[in-house]
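In case you want the letters, here they are:
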Amino acid sequence: MCGIVGHLGPQNSVDVVLEGLKRLEYRGYDSAGVSFISSDNNLKIYKKKGKIQNLIDELADKEIHARSSIGHTRWATHGGVTDNNAHPHVCEDMGIAMVHNGIIENAGELREFLIGEGVKFKSETDSETFLGLLIYNVKQGKEIKEAVIESFKKIEGFSAFVVLNKETSEIFSIKNGAPLVCGMNEVNSEVLVSSDPYALAGIANKIYFPEDQVLCHLSAGNANLLNFYELDGSKSTRYISKSQSMDHNPAEKGEFEHFMLKEIYEQPELIRSLTQFYFQGEGKESLEQAVDLPRTNLHVTACGTAYYAGLVIKDFFEQINRIPCRPEVASEFRYRDPILNKDDLALFISQSGETADTLAAQELCKKTGMKTLSIVNTEGSTLFRDCNVNLLIRAGMEIGVASTKAFTQQVLTGRTLSAVIANGGMDDNLKNSLATKYSLLAERIEELLERSDEIRTVAGEIYRKQGFFYTGRGVYFPIALEGALKLKEIAYVHAEGYAAGELKHGPIALIDEEKVNVALVGPELYEKTVSNIQEIKARKGIIVVVGPQGKKDLEEIADYYIPINFDGLEELSPLYINVVNQLLAYHIAKFLGTDIDKPRNLAKSVTVE
Ligand code: AGP
């Protein structure tokens, strides 16, 4: 969805902002723009629909030396995809430019009021009403800082705003319920603001996560480059700060053609480090706190891939801990008036920690007085700040829109919690047994990654087929759902995940020689799953079996057989099979030539309903 980058400092600000916007491309957008104060002290603005490259091309022959700049990638909600509707929105006369993420819910009535006050609008966007408010407040005699605060107070809905003021070269930012992060490099006297910490990686050595309704003030040339204020103008301490390593730049794909592939290959290493983090490292305290939370019932709420991770986690909690577990997609949960009790535990799973529906569901649970727990990747995200306890999944930055390594780490984090609860606490024996298990999983995944070409060959045979049914039973059912999601989002092919026994209750009507059944077969319920495959085979469906190695019947029934070694993996085997699905989706998408890291219509973090 929309992305924001602002920069103030000695190096050419426009270059920093454009580089930041390029990093945010993965979030999905349809136009881009930048505004800056030129060396002859003019407020300049350039915006273009389409790719950021269009904007870069437009700027290519201009001599630009700017010390402060703001930029934006827009994902249209109000008003069509046009140059004019792109951000920044600017009032040249007053020397003010602004960008906005989110939705201004009362834009209609504000616009009417502002038109009545003589404010002129140039775009069809809701965002421009904030500029209108700034113009109105400055005309009323307010200083820019006060104007930003007063304008912000009038806004309804979840939003983040960044404002560039020509006269003072300052940048202001403020948010409510939308992501915003500030960064600083003290050595270079640089300050930054963005909707995503990824834009700051390798530039800022300190990052700050302000809370809602905290005004961030970025200024150059004095001792305090970055200040935080409350809405009454007093200094604020409502922000988290943390140091960030400068040598790690997640923007690099290294030897890999796509971030998605790189992230698939990162999984073994990440899996190995998880027990260390939770039993001896920084995660120990939060895991102990999580174990102490009340949990008569467990409500698991999330979206997309994170929700499917929740379905796997549900199996752990019900089968191993015998805790009743209710998984639900956040967009339904939040409007359903769910039955919630104070002794229940609300678990939210999210890579970004900024998914609007998941945040709204968390808010709902919090209001009932329930304890809220997150399994989350992004430290400092809104979900992270709002939950009572957070279990970090330590997946590192995930850039590919299709979530891969985050799923694996989410499930393993859930497994770790379930194991500690079952064990009645943390001890070395448990640590060692989990570490051995996780290490076996990592080893098996490494073996699978070595077989990527074999999976590519299968992909090459089936990528032109008209539809895919991923099927599985028990613990493999959520993996079937996740496999189908992965394929449709990056390959734009119709795919559905089904419980293997459910196909004959309707969808089997679709089976013919143009449809593929990716059958996920585990050691449990083996015969029953094979019977389900027979039913598809009898209707001429193409069968791809991902199942236990050395099985004659599977070899005979399958058009393509990807044999795997389940031994010793037990309840972690769904994660292992899932990597086959990740590679299969990747190679099919590659054959089809889609934009794998930035699939059409999708955003990495879905910050609107
Ligand atoms: C995953 O491949 C998807 N892009 C999507 O379903 C994602 O998992 C979902 O939007 C939830 O995001 P979150 O984990 O950041 O909350």
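This one's a predicted model, so the numbers in the text were calculated from it and none came from an experiment.

(A) Structural context of the sheet that holds strand 12 (residues 215–218). Reading across from one edge, 5-6-7-8-12-13 is the order of the six strands in this open sheet, with antiparallel pairing throughout. Of all strands in the sheet, those bounded by a partner on one side alone are strand 5 (89–91) and strand 13 (226–229). Here the average twist between neighbouring strands, direction ignored, is 20°. Sheet topology note: the strand 7 (residues 159–165)/strand 8 (residues 170–176) ladder contains six bridges and is antiparallel. Looking at strand 8, one finds that Val-162 is bridged to Ser-173. Contacts between helix 4 (residues 128–139) and the sheet are confined to strand 5, strand 6 (96–102) and strand 7, with strand 6 contributing the most and set at about 140° to the helix. The sheet strands contacting helix 5 (residues 144–153) are strand 6, strand 7, strand 8, strand 12 and strand 13, and the helix crosses strand 8 at an angle near 20°.

(B) View of the site of the ligand. Neighbouring residues of the ligand: 14 residues in total, closest Ser-350, Gln-351, Ser-352, Thr-355 and Glu-489. A distance of 3.2 Å separates an oxygen atom of the ligand from a polar atom in the backbone of Thr-305. One nitrogen or oxygen atom from the side chain of Thr-355 is found 2.5 Å from an oxygen atom belonging to the ligand. Protein contacts shield 90% of the accessible area of the ligand, which totals 410 Å² for the unbound molecule. Under a 2 Å grid-point criterion requiring more than half of the atoms, the pocket assigned to the ligand is the second largest pocket. Mapped onto the shell around the ligand, the elements with two or more residues apiece are helix 9 (304–319) and helix 16 (477–491). In terms of residue class, the shell around the ligand is built from five nonpolar, seven polar and two charged. For the shell around the ligand, the domains that each give at least three residues are domain 2 (259–448) and domain 3 (452–592).

(C) Main features of the domain arrangement of the protein. By domain assignment, the protein separates into domain 1 (3–243), domain 2 (259–448) and domain 3 (452–592). Computed over C-alpha atoms only, the centres of domain 2 and domain 3 are separated by 26 Å. Listed per partner, the contact involves 28 residues of domain 2 and 28 residues of domain 3. Sorting the residues of domain 2 by area buried against domain 3 places Tyr-308, Arg-444 and Leu-448 first, and these three jointly supply 27% of that buried surface. Between Lys-437 and Glu-570 there is a salt bridge, with the nearest N and O atoms lying 3.1 Å from each other. The tally of links from domain 2 across to domain 3 stands at 11 residue pairs in polar contact (both at pLDDT 80 or more). Contributing elements (two or more residues each) for the side of domain 2 that touches domain 3: helix 6 (259–265), helix 9, helix 13 (405–423) and helix 14 (428–450).

What counts as what
Residues numbered from 1 in each chain as written. Predicted model: local features only at pLDDT ≥ 70, side-chain atom pairs only at ≥ 80, totals over all residues. Heavy atoms only, no water. Pairing = 2+ DSSP bridges. Helix = DSSP H or I, 4+ residues; strand = E, 2+ residues; numbered from the N terminus. Axes fitted to C-alpha atoms, helices over the stretch in contact; angles between N-to-C directions. Contact = heavy atoms within 4.5 Å. Near = heavy atom within 4 Å. Polar contact = N/O pair within 3.5 Å; in protein donor to acceptor, adjacent residues only side chain to side chain. Areas by Shrake-Rupley, 256 points an atom, 1.4 Å probe, with all protein chains shown as cover. 1 Å grid on protein atoms, 1.4 Å probe; cavity = no way out; pocket = protein on both sides within 12 Å on 5 of 7 lines; lining within 4 Å. Sits in = over half its atoms within 2 Å of the grid points. Nonpolar A, V, L, I, M, F, W, Y, C, P; charged D, E, K, R; others polar. Domains from an automatic or database assignment. Buried area = accessible area lost by both parts, 1.4 Å probe. Salt bridge = Lys/Arg side-chain N within 4 Å of Asp/Glu carboxyl O.

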